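Here is how the chains run, residue by residue.
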Amino acid sequence: MVAGELVQEHLRADTGAPDDITVVRKSPQPEGARRPADTDSCSDPACGGPDQHRDPEDREVPPDERAAMLPGAGGGEAEEAGGRAPETRLYWRRFAVLAVFSLYSLVNAFQWIHYSIITNVFTRYYGVTSDKVDWLSIVYMVAYIPLIFPATWLLDRRGLRLTALLGAGFNCAGAWLKCASVSPDRFGVTVTAQVICSVAQVFILGLPSRIASVWFGPREVSTACATAVLGNQLGTAIGFLLPPVLVPNTPEDLERTVIKDKPPLPPSQAQAVLPGVALDDYSYKQSIINLVKNKAFVLLLISYGILTGSFYSVSTLLNQIILHYFQDQELNAGRIGLTLVLAGMVGSILCGLWLDHTKTYKVTTLIVYLLSFVGMLVFTFTLDLNNIYLVFFTAGVLGFFMTGYLPLGFEFGVEITYPESEGTSSGLLNAFAQLFGIIFTLIQGRLTTAFGPLAGNVFLSAWILLGVVLTAFIKSDLKRHNVNMATESKALQARPADRHGDRPAGHQANGVQLEPSLGVSRETSL
């Protein structure tokens, strides 16, 4: 099985590393054969020497993954047959990094939806049509598509810290500019401010899987990614809840910090075995080409874009959908949106915990996708029952699965594209989500205006069903997980690859090749 394809930029500490590197198992000859004095100086297993009382077969049994993830002081690395696994360590600072990111991601998500959820108020206040207010949400999706490529290039070349600072800076600038838009004749200022915030989200949406992979161990990486996504979802939830409360519908009165690029030691074996490559030798273009050639990732791009784009469309048009069936229920429209996102936050965390413990990425993604389709159908055909409480429930079910799918897509994408940059794969996933979000919002908006919300929701349901079928055809090759497991059973070392001779079997990508490992796992595709 293939352990991986491409080195990731954030571990390129060795700027003098050779251009082509192949990872292979260490020679059975122990390092002590070259330095007998070092080996003879200590025969106690506690200090790295061989255990004379253990059977040779026992010494080759890999330790529990948790032991490799949390090495002890001085010699906590897993002893392998003839060598040591790369040193890894987890840092408490990782929780601060995750918290800071989640907070400013929350603010950016709030600014995405806080206009659309009170569309009826803003159309009267600014004297514009509802489609112009819809564009205050759509602009987030429009800006993402052309800007994601330079943004992911910046993430790969300059690192996590600069990208995060740009996202927070644009976010702050857009929020302050909105303070100057409070006048019925300043809709243009509002649009400008929203455009700035939409640029900020380009430097935000692709970071959860990057932060999780660079800072967190293999048994917490999916939970960390889900937690980072949760911050964005919480911001959307607050964006649904607060605007209807703070900006009431009164037509008679219109006046009424510091993130480090990466930790000193990698948190997992999947990060540790990747050799360093000089930034000048890294090809961002080649990385994009590798991802586009990955058939499983292309299927994931389309299916992820369909479901996430459907969520964007439903969120943008939720005010119009609810008010069509329930007159003068602006407050409940916001609360229904809150319910949708809060339920999704719970789903995200539960899915992340489940993935960390089971590593069943394909099965979990397919089941959640299928249940999202069922939830969309239930939500669609219960709106006309004139029961607002039932709508709260069905929206919660829809949000639990539809929003809970977001971190699943991120982590599944990282697994099947390892060792490509997490920021690049996540950025492309979000780009397709924005593309489908634009298309779905425009088409569903037209259908809702012309034929009612039922037609628009059935349109989305049909596309989500197509996404279920595409997800079923994704071949699940958990490359990152395989490396974590294989590195514990077989010590790996890096050696220069032969540029001109025959290359060993494996996947070559971006100047780096990883030897296929034996005994790695692959989820069964349907």
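Counting of residues starts from 1 at the beginning of each chain's written sequence and follows it residue by residue. Where local features are concerned, this predicted model is filtered to residues with pLDDT of at least 70; where side-chain atom pairs are given and counted, the filter is 80 or more; whole-chain, interface and lining totals use all residues. Side-chain metrics in this entry use all non-hydrogen atoms of the structure; hydrogen atoms and water are not considered.

If you check an unreviewed UniProt entry, the protein appears there as Major facilitator superfamily (MFS) profile domain-containing protein from Poecilia mexicana.

**Q** Sorry if this is basic, but what is going on with the overall build of the protein here?
**A** Working definition: helices are DSSP H or I runs of at least four residues, strands are E runs of at least two. Numbering for both runs from the N terminus. Helix and strand counts for the protein stand at 20 helices and six strands. When accessible area is computed with a 1.4 Å probe and restricted to protein chains, residues below 20% of their type maximum are described as buried, those above 50% as exposed, and intermediate ones as partly exposed. Looking at the protein as a whole, 57% of its 526 residues qualify as buried. Method for areas: the Shrake-Rupley scheme with a 1.4 Å probe, in which residue coverage is limited to the protein chains shown. For the protein, the exposed surface amounts to about 21,600 Å²; the carbon and sulfur share of it is 63%.

**Q** What is the right way to read helix H18 (residues 422-451) from this model?
**A** Its 30 residues give H18 an end-to-end C-alpha distance of 42 Å, which sits within 8% of 44 Å, the value for a rise of 1.5 Å per residue. Looking one or two places after H18, you find Gly452, whose phi comes out positive at around 105°. Multiplying 1.5 Å by the helix residue count minus one yields the expected span of that helix.

**Q** Can you walk me through the pattern of salt bridges in this structure?
**A** Side chains that differ in charge, positive against negative, can pair when their charged atoms come close. When a carboxyl oxygen of Asp or Glu is within 4 Å of a side-chain nitrogen of Lys or Arg, the pair counts as a salt bridge. In the structure shown here, the tally under the stated rule is three salt bridges. Lys359 serves as the salt-bridge partner of Asp356, at 3.9 Å between the closest nitrogen and oxygen.

**Q** Explain the environment of Leu383 here, please?
**A** On the secondary structure map, Leu383 appears in the loop between helix H15 (361-382) and helix H16 (388-402). Separated by 58 residues in sequence, Leu383 and Tyr325 place their C-alpha atoms 6.9 Å apart. We call two residues contacting when some pair of their heavy atoms lies within 4.5 Å. Leu383 has contacts with Ile321, Ile322, Tyr325, Phe326, Val391 and Asn457, leaving out every residue within four places of it along the chain.

**Q** Just to check I follow, could you spell out empty space enclosed by the protein for this structure?
**A** Estimates place the volume of the largest cavity at around 290 Å³. The method works on a 1 Å grid over the protein atoms by themselves. A cavity is a set of points holding a 1.4 Å probe that cannot get out, a pocket is an open set with protein on both sides within 12 Å along at least five of seven lines, and residues with an atom within 4 Å of a point line them. Along its surface, the largest cavity is lined by 25 residues, and Gln201, Leu205, Asn232, Tyr312 and Leu406 are the ones closest to its centre. Breaking the lining of the largest cavity down by element, the ones donating at least two residues are helix H4 (93-113), helix H6 (130-158), helix H10 (221-246), helix H13 (295-325), helix H17 (405-417) and H18. If you tally residues by element for the lining of the largest cavity, the top one is H4, at five residues. A breakdown of the residues in the lining of the largest cavity according to their chemical character gives 15 nonpolar, 10 polar and no charged. Grid points are joined across faces, edges and corners, and a volume is the space filled by probe spheres set on the points. Charged residues are taken to be Asp, Glu, Lys and Arg, nonpolar residues to be Ala, Val, Leu, Ile, Met, Phe, Trp, Tyr, Cys and Pro, and polar residues to be all remaining types, Gly included.

**Q** Hey, could you run me through the environment of Phe381 in this one?
**A** In this structure, Phe381 sits in helix H15. Separated by 73 residues in sequence, Phe381 and Leu454 place their C-alpha atoms 7.7 Å apart.

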